[in-house]
Amino acid sequence: MKRPNLFYHATKELSQDAFLCYVFSYFNEEYKNSYPKEYEFSKLFIKEIFKRLNINIEPKKLEIKRQHLNIDILLIVNDLIYIVIEDKIHATEGDKQIEKYKEKVSIEYKVNEENIYSLYYKTGDESYRSLENKKSYNNFIYMMREDIISIFENYTGDNIIILDYIENLKSMEEERNNFRNIDLRKEKLSWNEIVGLYNQIDKEFYSLKENGNFPKDSNGEENFFNWGDVHNQGGNFLAYYLYEGLRYEKYHFYPQIEANENYFRLVIKSNPWRKELEEQFDLDKLYKSLEILKKHFGNSIEKPKRFKAKSETMTVGVFNDWLVLDENGHINTKETALNINEKFKILISLKEELKDLI
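Residues numbered from 1 in each chain as written. Predicted model: local features only at pLDDT ≥ 70, side-chain atom pairs only at ≥ 80, totals over all residues. Heavy atoms only, no water.

S.K.: So what's going on with the nonpolar core? Which residues, and what values?
M.R.: Residues Y198, F205, Y240, L242, I257, I268 and L293 are the most contacted members of the largest nonpolar core, which totals 42 residues. Of all elements in the fold, only α8 (191-210), β6 (224-230), β7 (237-243), β8 (253-259), β9 (264-270), α9 (283-297), β11 (314-319) and α10 (333-349) reach the threshold of two or more residues within this core. Broken down by element, this core gets its largest block of residues, seven residues, from α8. The contact partners of I268, leaving out residues within four places of it in the chain, are F253, Y254, P255, L293, F297, I301, M314, T315, V316, G317, F319 and L347. Of all hydrophobic cores here, the second largest spans 36 residues; its members include F19, L20, I49 and V77. (Core = buried A, V, L, I, M, F, W, Y, C linked by side-chain atoms within 4.5 Å. Buried < 20%, exposed > 50% of the residue type's maximum accessible area, 1.4 Å probe, protein only. Helix = DSSP H or I, 4+ residues; strand = E, 2+ residues; numbered from the N terminus. Contact = heavy atoms within 4.5 Å.)

Following this line, the structure appears as structure tokens:
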């Protein structure tokens with residue numbers, strides 16, 4: 001019989017704060033002989049953080065502060081280096097929280113900013129774009145679940161608390177990655193499997209972007225890809241969308257994957273320019289836009305069941321050929337991303353034609 005796991009129940013961020021402080025506490029020399037495995041791992045963990053932050057000194061002394069200055073965890077190393085740890089599970093960082101915390105540390109300890117570092121530590125899931133936006137921070141790194149698992153796999157002891165933590169993270173990773181085993185001809189994805197799929201599609205689009213194959217818009221502006229959950233009256237769903245850096249004057253067209261436990265589709269959305277233009281809304285123009293899309297995409301795009309009049313975001317067309325499956329009905333994420341990318345390129349090429357409707 002499988003024993004209970006502490007972290008199946010300790011699901012709050014305060015629990016994870018406490019766990020990290022517990023692991024860091026073994027850094028002290030007093031534990032070197034009595035708890036050698038935990039001591040070694042705590043040293044390794046701090047050194048790994050230093051390595052990723054490009055801090056080139058030997059950590060010898062560690063002071064741990066929890067919920068000090070409203071910071072989840074503050075590490076003071078060698079009385080010289082200050083590391084702000086923003087610890088998250090499923091939530092995301094508030095508006096530049098980390099930078100505000102670093103400013104507090106600078107004032108409280110009268111220390112120069114170059115000695116203050118930050119770590120965004122997250123065991124849940126977050127889009128690539130959201131993480132990339134944080135790279136503007138100075139002396140900053142993030143660790144996501146895959147990174148954290150790779151570090152904790154270096155632990156070789158038998159501490160049940162640490163082993164439970166590792167097992168729980170691996171279980172979360174397995175839940176997300178199970179989308180690879182689903183025959184989409186017969187089954188539907190669970191919420192966590194959709195998250196896992198979007199994590200992987202993020203990697204595919206990142207690869208396209210790095211290789212110069214992700215398109216810019218017709219004005220040469222940077223496009224971006226992102227995902228997140230959407231709440232509406234028809235039920236919540238997870239949306240993965242490809243966005244143009246420059247919108248149309250009033251309408252904005254973009255492809256979006258919409259998925260929950262009941263449906264899984266790629267659509268083209270239209271985004272009338274928010275509520276201030278409701279009086280100028282013209283449903284006929286959306287029908288005309290669908291005609292333009294069908295002219296270029298052919299039978300691969302279909303009319304939605306209905307247009308929702310006077311909605312901030314509307315579905316204009318639904319694709320029927322976007323998903324690429326292998327012989328077992330498993331999604332081929334690379335080919336699916338390439339397929340969506342090609343459709344995005346066509347949509348961008350139609351910018352002037354669609355703009356003429358306005």
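S.K.: Could you give an account of helix α7 (residues 160-177), naming the residues involved and the relevant values?
M.R.: With 18 residues, α7 extends 25 Å from end C-alpha to end C-alpha; this agrees with the ideal 26 Å at 1.5 Å per step. Within the span of α7, buried status applies to I162, D164, Y165, I166, N168, L169, M172, E173 and R176. The inward-facing, buried residues of α7 abut α1 (6-9), α2 (13-25), α3 (36-53), β4 (116-122), α6 (145-152) and α8. Between the side-chain oxygen of the N-cap and the backbone nitrogen of I161 there are 2.9 Å, and the N-cap of α7 in question is N159. (Expected span 1.5 Å × (residues − 1). Polar contact = N/O pair within 3.5 Å; in protein donor to acceptor, adjacent residues only side chain to side chain.)

S.K.: Break down the sheet that holds strand β10 (residues 301-302) for me, citing the residues and quoting the values.
M.R.: If you walk across this open sheet you meet the six strands as β6-β7-β8-β9-β11-β10, and the pairing is antiparallel. Unpaired on one side and paired on the other, β6 and β10 mark the two borders of the sheet. Relative to the sheet, α8 contacts β6, β7, β8 and β9, its axis offset from that of β7 by approximately 10 degrees. This element, α10, spans β7, β8, β9 and β11 of the sheet and lies at about 150 degrees to β8. (Pairing = 2+ DSSP bridges. Axes fitted to C-alpha atoms, helices over the stretch in contact; angles between N-to-C directions.)

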